[in-house]
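Given next are the chains, with one letter for each unit.
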Amino acid sequence: MPGVYESQEKEMQKKEEQFLIHFQDIVEELKEAVNFHDTSGLASKHIERILKYNVADLADPNGIICGGLIIMSTFELYAPTDMQTEENIKLASYLGCCFEMLRAVAYIVDDIIDSSVTRQNKTCWYKLEDIDLSAINDAFMLESSMYFILKKHFSHLDCYVKIVQLYREIVFVGSIGEHLDIQTQYQDFTTFTMDQYKKLVQNKTIYPGGYIPMTIALHFAGVTDPDIFQKTKSMCLAYGELYQFQNDFNDCYGDPEVNDNIGKYIEEGKCTWLAVKFLEIATPAQKEIFKENYGKTDPCCVKKIKQLYDELSIRDICIKHETDSIDMIRKNPDFFGKIANVFEYFFVKQSQRYNN
């Protein structure tokens, strides 16, 4: 596993450099477009600030532009040789930039809904003194800017309509996932189920953050084989569920020195893998204590939930689940080939976030 990561690290670093260069090009294009409508320069400076703060600067030690890099990598893996031109590689990078812009929209909105204070150790955009709830309009500006870039650079291509539809699908599916996530805070926490959890993860994380971006890259690369799309979907589901599981585990057992949001899922009453697994094996008395303390910001309540998890060895169950999931993925005969390398790289990258 480390060998795979090390062999691709330099290539990914190069893609990150390309991404940032092309992203800056996009920033300049958008500033010029905004200046057409507002010659004062105020709106131009603001769109630049939105983009820099919410996309270019929003990075953890291992980088957070994985979605953009996945699009770039998938295109380069599947595009035929005659499509591997400097212009098309730049356009693939632009598609990655557009995805990161759209993800930034989701982050801005999500932080407002959750009343979050920080994201990746930075003050949330809406929490800045001169921004506040004008962040809602900024999110609209960011999303519309993304479609402006798509129209400018891709409207002459046969795949343009399909690509735009897929970006709209990211918004549609992601909003459903956000709704499902919000609703968990209003239900009886003891009614969480694994089926509910998987639907939530698929709609909020896997489809908008993994499968649809990869599908965008495949369409741009001219792929038409339905078998490739199906195997990509299967791998997205497997790796995506593992990715979210690791987030859930890290939220409960991670190092507070690395992640300042430790314990937030418990406080916010999130439907997590740990909560669901606990409820599957808990006694009625334990469930009652869970119901009384879950979803509350009082540190004592969070401590009681973690004590309940300790009583049922949830940490050990999680470690076994992760091992079994990785083993299942690596033994699946369909999870091989070019696309599997992309998943493997980002899985190792994700794991390193928790093991540093």
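Residues numbered from 1 in each chain as written. Predicted model: local features only at pLDDT ≥ 70, side-chain atom pairs only at ≥ 80, totals over all residues. Heavy atoms only, no water.

Draft legend 1. Inspection of the overall build of the protein at higher detail. On a plain count of helices and strands, the protein comes out with 14 helices and two strands. Classification of the 356 residues of the protein by burial places 49% in the buried group. Considering only intrachain contacts with a sequence separation of at least 6, the fraction spanning at least 24 residues in the protein is 75%. Summed over its atoms, the accessible surface of the protein is roughly 17200 Å², and 54% of this surface lies on carbon and sulfur atoms. (Helix = DSSP H or I, 4+ residues; strand = E, 2+ residues; numbered from the N terminus. Buried < 20%, exposed > 50% of the residue type's maximum accessible area, 1.4 Å probe, protein only. Contact = heavy atoms within 4.5 Å. Areas by Shrake-Rupley, 256 points an atom, 1.4 Å probe, with all protein chains shown as cover.)

Draft legend 2. Highlighting the environment of Ser-155. Note on placement: Ser-155 falls in the loop between helix 5 (135–154) and helix 6 (160–183). Among residues more than four places away in sequence, those in contact with Ser-155 are Leu-150 and Tyr-160. A distance of 2.7 Å separates a polar atom in the side chain of Ser-155 from the backbone oxygen of Lys-151. (Polar contact = N/O pair within 3.5 Å; in protein donor to acceptor, adjacent residues only side chain to side chain.)

Draft legend 3. View of unusual backbone geometry. The phi dihedral of Asp-132 falls on the positive side, at around 50°, and the residue is not glycine. With respect to the helices and strands, the residue Asp-132 is situated in the loop between strand 2 (122–123) and helix 5. Even without being glycine, Ser-313 reaches a positive phi, approximately 55°. Among the secondary structure elements, Ser-313 is positioned in the loop between helix 12 (299–311) and helix 13 (314–331). Since its relative accessible area comes to 34%, Ser-313 is described here as partly exposed.

Draft legend 4. Looking closely at the nonpolar core. In terms of nonpolar packing, the biggest core is built from 98 residues, with Leu-150, Tyr-167, Phe-290 and Tyr-309 touching the most fellow members. Aside from chain neighbours lying at most four places away, what touches Leu-150 is Leu-95, Cys-98, Ser-155, Tyr-160, Ile-163, Val-164 and Tyr-167. (Core = buried A, V, L, I, M, F, W, Y, C linked by side-chain atoms within 4.5 Å.)

Draft legend 5. The arrangement of the side chain of Asp-114 in detail. Position of Asp-114 among the secondary structure elements: in helix 4 (residues 86–114). Beyond its immediate stretch of four places on either side in the chain, Asp-114 contacts Gln-185 and Lys-270.

Draft legend 6. Representation of the pattern of salt bridges in the model. A full pass over the atoms with the stated rule returns 21 salt bridges. Put simply, Arg-119 and Asp-111 hold a salt bridge, and the shortest N to O gap is 2.8 Å. The residues Arg-119 and Asp-111 share a single accessibility class, namely buried. Residues Lys-204 and Asp-181 are paired through a salt bridge, measuring 2.6 Å at the closest nitrogen-oxygen approach. Of this pair, Lys-204 sits in helix 7 (residues 194–220) while Asp-181 sits in helix 6; the two residues are 23 residues apart in sequence, bridging distant segments of the chain. Overall, Asp-181 belongs to the buried group, its relative accessible area being 5%. (Salt bridge = Lys/Arg side-chain N within 4 Å of Asp/Glu carboxyl O.)

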